[in-house]
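What the coordinates show
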Amino acid sequence: MFKTSMEILLPVGHSLSPALQNVRRWSGGVAGLAFITALSGAFVAGLDAGLVYNSYPKFGDQWIPSDLIAFSPKWKNMFENTTTVQFDHRILGHSLLLAITAVYVMSRPLVLPKRANIAAHALMGMGLTQVALGVATLLLHVPTWLAATHQQGSLFLLTLATWLHHELGKKRIKMFK
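In this report, the structure presented in the accompanying data block is examined.

Criteria and thresholds
Residues numbered from 1 in each chain as written. Predicted model: local features only at pLDDT ≥ 70, side-chain atom pairs only at ≥ 80, totals over all residues. Heavy atoms only, no water. Axes fitted to C-alpha atoms, helices over the stretch in contact; angles between N-to-C directions. Helix = DSSP H or I, 4+ residues; strand = E, 2+ residues; numbered from the N terminus. Parallel < 35°, antiparallel > 145°, perpendicular 65-115°, else oblique. Left-handed = near helix turned anticlockwise from the far one by under 90°. Nonpolar A, V, L, I, M, F, W, Y, C, P; charged D, E, K, R; others polar. Contact = heavy atoms within 4.5 Å. Polar contact = N/O pair within 3.5 Å; in protein donor to acceptor, adjacent residues only side chain to side chain. Patch = residues over 30% accessible without salt bridge, like charges linked within 9 Å, V, L, I, M, F, W, Y side chains within 5 Å. Areas by Shrake-Rupley, 256 points an atom, 1.4 Å probe, with all protein chains shown as cover. Salt bridge = Lys/Arg side-chain N within 4 Å of Asp/Glu carboxyl O. Buried < 20%, exposed > 50% of the residue type's maximum accessible area, 1.4 Å probe, protein only. Core = buried A, V, L, I, M, F, W, Y, C linked by side-chain atoms within 4.5 Å. Phe/Tyr/Trp six-rings, centres within 6.5 Å; stacked < 30°, edge-to-face > 60°. Lys NZ or Arg CZ within 6 Å of the ring centre and 35° of its normal.

Focus on the packing of helix H2 (residues 18-47) against helix H4 (residues 82-107)
The N-to-C vectors of H2 and H4 enclose an angle of 160°; their axes lie 9 Å apart at closest approach. By the angle between their axes, H2 is roughly antiparallel relative to H4. In the crossing of H2 with H4, the sense of the turn from one axis to the other is left-handed. Its residues assigned to classes, the contact of H2 with H4 comprises 17 nonpolar, eleven polar and one charged.

What follows is the structure in structure tokens.
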């Protein structure tokens with residue numbers, strides 16, 4: 001709905017260079033990765049997986065926890081093992097920040113449309129904020145207010161990624177005058 005409403009209320013009025021098309025493709029990947037990371041965060045919240053290892057960047061004293069694949073069959077670990085769920089969410093979070101940074105760095109030498117430039121800066125800032133919120137939530141043993149702020153941040157991050165992808169969209173015909 002958000003994407004559709006943007007297409008109606010904020011139509012894009014520019015054509016894209018090949019470099020901008022590349023940034024647009026990457027921004028679509030960032031939006032998809034943001035969705036998957038938020039979904040993985042729902043598993044962390046649902047299983048209270050944030051309470052298992054309250055250290056960062058290591059899991060206790062290990063980089064890769066020994067109970068990462070503890071359940072049989074192995075696929076159950078992705079959904080029921082609190083260690084695996086937290087590990088997956090951390091990896092996805094770091095990957096998302098890396099992808100956001102890549103989009104931001106690729107967009108810097110280009111002349112972006114004004115709203116796309118604002119969206120790129122906001123997305124980079126929110127990506128850094130979201131990782132900081134996640135780490136703080138973990139280190140402070142998951143206080144409810146901070147965990148809720150981290151969850152709201154994930155929705156805002158997804159919204160910003162969708163906005164950037166929209167702003168880098170192809171030229172469309174205005175629907176309303």
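Looking at the environment of Tyr-104
For Tyr-104, the position within the fold is in helix H4. Beyond its immediate sequence surroundings of up to four residues, Tyr-104 is in contact with Ala-120, His-121 and Met-124. At a separation of 3.1 Å, a polar atom in the side chain of Tyr-104 contacts the side chain of His-121.

Brief notes about a nonpolar patch on the surface
A surface patch of nonpolar side chains, amounting to about 790 Å² of accessible area, comprises Phe-35, Ile-36, Leu-39, Phe-43, Leu-47, Trp-75, Met-78 and Phe-79. Looking at the nonpolar patch, the elements with two or more residues in it are H2 and helix H3 (77-80). Here the element with the most residues in the nonpolar patch is H2; it accounts for five residues. By the element assignment, Phe-43 lies in helix H2. With a relative accessible area of 31%, Phe-43 lands in the partly exposed category.

A look at the nonpolar core
Formed by 23 residues in total, the largest nonpolar core has its most connected members in Val-30, Ile-100, Leu-123, Leu-164 and Leu-168. Top element by residues in this core is helix H5 (residues 114-139). It accounts for six residues.

Notes on the pattern of salt bridges
For the structure on display, the rule yields one salt bridge. Of the charged contacts in the structure, one is a salt bridge between Arg-115 and Glu-167, with a shortest N-O distance of 3.0 Å. Of this pair, Arg-115 sits in helix H5 while Glu-167 sits in helix H6 (residues 144-167); the two residues are 52 residues apart in sequence, bridging distant segments of the chain. Judged by relative accessible area, Arg-115 falls into the partly exposed class, the value being 31%. When its relative accessible area of 2% is taken as the criterion, Glu-167 is described as buried.

Here we look at the side chain of Arg-90
Along the chain, Arg-90 falls in helix H4. Among the polar contacts listed, one links the side chain of Arg-90 to the backbone oxygen of Tyr-53, at a separation of 3.5 Å. Those residues in contact with Arg-90 that lie beyond four places of it in its chain are Tyr-53, Ser-55, Tyr-56, Pro-57, Lys-58, Phe-59 and Leu-138.

What about the packing of aromatic side chains?
Summed over all chains, the structure comprises three aromatic pairs. With a centroid separation of 5.4 Å and 80° between ring planes, the pair formed by Tyr-53 and Phe-59 is classed as edge-to-face. For Tyr-53, a relative accessible area of 16% gives the class buried. The buried category is assigned to Phe-59, whose relative accessible area is 3%. Ring geometry for Phe-59 and Phe-87: centres 5.6 Å apart, planes at 45°, overall tilted. Of this pair, Phe-59 sits in the loop between H2 and H3 while Phe-87 sits in helix H4, and the two are 28 residues apart along the sequence. The structure contains a cluster of three or more aromatic residues connected by ring pairs, namely Tyr-53, Phe-59 and Phe-87. For the cation-ring pair, Arg-90 lies above Phe-59, with the distance from its terminal atom to the ring centre recorded as 3.8 Å. When the ring centre of Tyr-104 is taken as reference, the NZ or CZ atom of Arg-108 above it lies at 4.7 Å.

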